[in-house]
Amino acid sequence: MRRVLVTGGGGFLGSYLCEKLLERGDEVICVDNFYTGSKRNIMHLLSDPAFELVRHDVTFPLYVEVDEIYNLACPASPVHYQRDPVQTVKTCVHGAINMLGLAKRIRAKILQASTSEVYGDPAIHPQEESYWGNVNPIGIRSCYDEGKRCAETLFNCYSMQCGLRTKIVRIFNTYGPRMHPNDGRVVSNFILQALQNNDITIYGDGSQTRSFCYRDDLIDAMMRMMDTPDEEHGPVNIGNPGEFTILQLAEEIIRLTDSKSRIVRQPLPADDPKQRRPDITKAQKILGWQPVTPLRDGLVKTIAYFDELLKTDPDFCRS
Ligand code: NAD
Ligand code: UDP
């Protein structure tokens, strides 16, 4: 039996990862300070003796004994990570240092949840891992982008200097049930707006593109990455290469919800990447993986989740 630490385990992706690890028979320690996560995401796991919840901020040292560490702690949506940029940098950088220090002491394998944001507003399309990126170091997204880039640097340094078994995955936009209703991300925003027949807010002209990966596919890839041979450190892109404009996404969500919502335009936030699509050749080769959930199927499941949430907990949807 493996003992696994998941930081950020109370969040959208972390909670589903905890669930999948428990299903596989692992013991799981979930660490979260609930900055953006919620106990509701892991409530159903609390009665499992193989699951342990620790309220802790990863910017402070942590002492536990585990075999593997998945480092997911970090606010992920632009609205959340821009709320307290200093704390975002600390979580990315001090959090990485603390978790790498822990991994070094206990000789654990450690995986970093990095992001497509390390490519910034990419000048290369689609993005492959060898691309160094185009990031504004002092823009509104930089606390996250540069924080995550520094975390990658730290992972690489610990692996080169200390022989640590590190892994980096670069996650592209991921969606699914348990996304926070108010994190301002495009999929949750549009679905909630459509279900309530409110205006759908497109920032800019809607021609910017994103590639949307369903949660289950993403977590499958992340767990495969942890199981790669020790000499495989990444980074590896994980995401769905299907690319859509934001306008296409809005139209699809209106269709699937049979909504009466109108599309309205709002100003495009600064440094908003114009295009994003992962080249997943490396993931296909190293992980024997590719996403299997088409956007429409994933959206149907996510719409059902938010529909239920609006009925059972409308206050949470407004919070
Ligand atoms: P999320 O906000 O739902 O989850 C992040 C979790 O980390 C939350 O539970 C939050 O409370 C916790 N957290 C934040 N700061 C912390 C701290 N200092 N100490 C302890 N816990 C802390 O976001 P998510 O979408 O589940 O993202 C998980 C990880 O995946 C993040 O590292 C994010 O950068 C990365 N990622 C996600 C996406 C995506 O599309 N969802 C894309 C790229 C990268
Ligand atoms: N977006 C939008 N309307 C919204 C929320 C987001 O048009 O209500 C746009 C946003 O400007 C960006 C894209 O959708 O171009 C994806 O935004 P999100 O915040 O989900 O993720 P990220 O920008 O980090 O990829």
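Refer to the structure above for everything that follows.
Model, not experiment: these values are computed from the prediction.

Turning next to the site of ligand 1. In the neighbourhood of ligand 1, 30 residues make up the surrounding shell, with L13, D32, T36, Y144 and K148 lying closest. The separation between an oxygen atom of ligand 1 and a polar main-chain atom of G11 is 3.1 Å. At 2.9 Å from an oxygen atom of ligand 1 is found a main-chain nitrogen or oxygen belonging to Y35. Contact with the protein chains hides 97% of the accessible area of ligand 1, taken as 820 Å² for the molecule alone. With three residues, strand β5 (residues 109–115) is the largest single contributor of residues to the shell around ligand 1. Residue composition of the shell around ligand 1, grouped by class: 13 nonpolar, 13 polar and four charged.

The first and last C-alpha atoms of helix α7 (residues 246–257) sit 17 Å apart over 12 residues, in line with the 16 Å expected at 1.5 Å per residue. Against the buried residues of α7 lie α5 (186–195), β8 (200–203), β9 (209–211), β12 (243–245), β13 (263–266) and α9 (295–312). Phi turns positive, to about 55°, at D258, one or two residues after α7.

Relative to the helices and strands, Y158 resides in helix α4 (residues 142–162). Taking the relative accessible area as the measure of exposure, Y158 reaches 19% and is therefore buried. Separated by 55 residues in sequence, Y158 and A103 have C-alpha atoms that sit 9.8 Å apart.

This part takes up the sheet that holds strand β3 (residues 51–55). In space, the seven strands of this open sheet follow the order β3-β2-β1-β4-β5-β6-β11, with parallel pairing throughout. At either end of the open sheet lies a strand with only one pairing partner, and these are β3 and β11 (236–238). With strand direction ignored, the average angle separating the axes of adjacent strands in the sheet is 20°. As paired elements, strand β1 (residues 3–7) and strand β2 (residues 27–32) share five bridges and run parallel to each other. From the neighbouring strand, T7 faces β2, where its bridge partner is V31. Here helix α1 (residues 12–24) sits on the sheet and contacts β1, β2, β3, β4 (68–71) and β6 (166–171); the angle it forms with β1, its principal contact strand, is near 170°. The sheet contacts of helix α3 (residues 85–106) involve β1, β4, β5 and β6, and relative to β4 the element is tilted by about 170°.

To continue, consider the packing of aromatic side chains. Counting across every chain of the model gives six aromatic pairs. Ring geometry for Y81 and Y144: centres 4.3 Å apart, planes at 5°, overall stacked. With Y81 in helix α2 (residues 78–81) and Y144 in helix α4, the pair connects residues that are 63 residues apart, well separated along the chain. Assessed through its relative accessible area of 7%, Y144 is described here as buried. Arranged with centres 6.5 Å apart and planes meeting at 85°, the rings of Y175 and F212 form a pair that is edge-to-face. Separated by 37 residues along the polypeptide, Y175 in strand β7 (residues 174–175) and F212 in the loop between β9 and β10 (213–214) bring together distant segments of the chain. Each member of the pair, Y175 as well as F212, carries the same accessibility label: buried. Grouping aromatic residues by their ring pairs yields a cluster made of Y119, Y131 and F172. In this structure, R40 packs its charged tip against the face of F316, placed 3.8 Å from the ring centre. Looking at R83, its charged tip hangs above the ring of Y35, at a distance of 5.5 Å from the centre.

Moving on: the side chain of E68. When you line up the elements, E68 lands in strand β4. The exposure class of E68 is buried, given its relative accessible area of 3%.

Once that is clear, we can look at the pattern of salt bridges. A complete count under the given rule lists 27 salt bridges for this structure. Note that E65 is salt-bridged to R105, the shortest N-O span being 3.6 Å. Of this pair, E65 sits in the loop between β3 and β4 while R105 is found in helix α3, placing the two residues 40 residues apart along the sequence. Looking at E65, the relative accessible area reads 48%, which means it is partly exposed. Across the pair R215 and D216 runs a salt bridge, and its minimum N-O distance is 3.0 Å. Residue class for R215 comes out buried when judged on its relative accessible area of 9%. Looking at D216, the relative accessible area reads 27%, which means it is partly exposed.

Procedures and definitions
Residues numbered from 1 in each chain as written. Chains lettered and ligands numbered in written order. Predicted model: local features only at pLDDT ≥ 70, side-chain atom pairs only at ≥ 80, totals over all residues. Heavy atoms only, no water. Near = heavy atom within 4 Å. Polar contact = N/O pair within 3.5 Å; in protein donor to acceptor, adjacent residues only side chain to side chain. Areas by Shrake-Rupley, 256 points an atom, 1.4 Å probe, with all protein chains shown as cover. Helix = DSSP H or I, 4+ residues; strand = E, 2+ residues; numbered from the N terminus. Nonpolar A, V, L, I, M, F, W, Y, C, P; charged D, E, K, R; others polar. Expected span 1.5 Å × (residues − 1). Contact = heavy atoms within 4.5 Å. Buried < 20%, exposed > 50% of the residue type's maximum accessible area, 1.4 Å probe, protein only. Pairing = 2+ DSSP bridges. Axes fitted to C-alpha atoms, helices over the stretch in contact; angles between N-to-C directions. Phe/Tyr/Trp six-rings, centres within 6.5 Å; stacked < 30°, edge-to-face > 60°. Lys NZ or Arg CZ within 6 Å of the ring centre and 35° of its normal. Salt bridge = Lys/Arg side-chain N within 4 Å of Asp/Glu carboxyl O.

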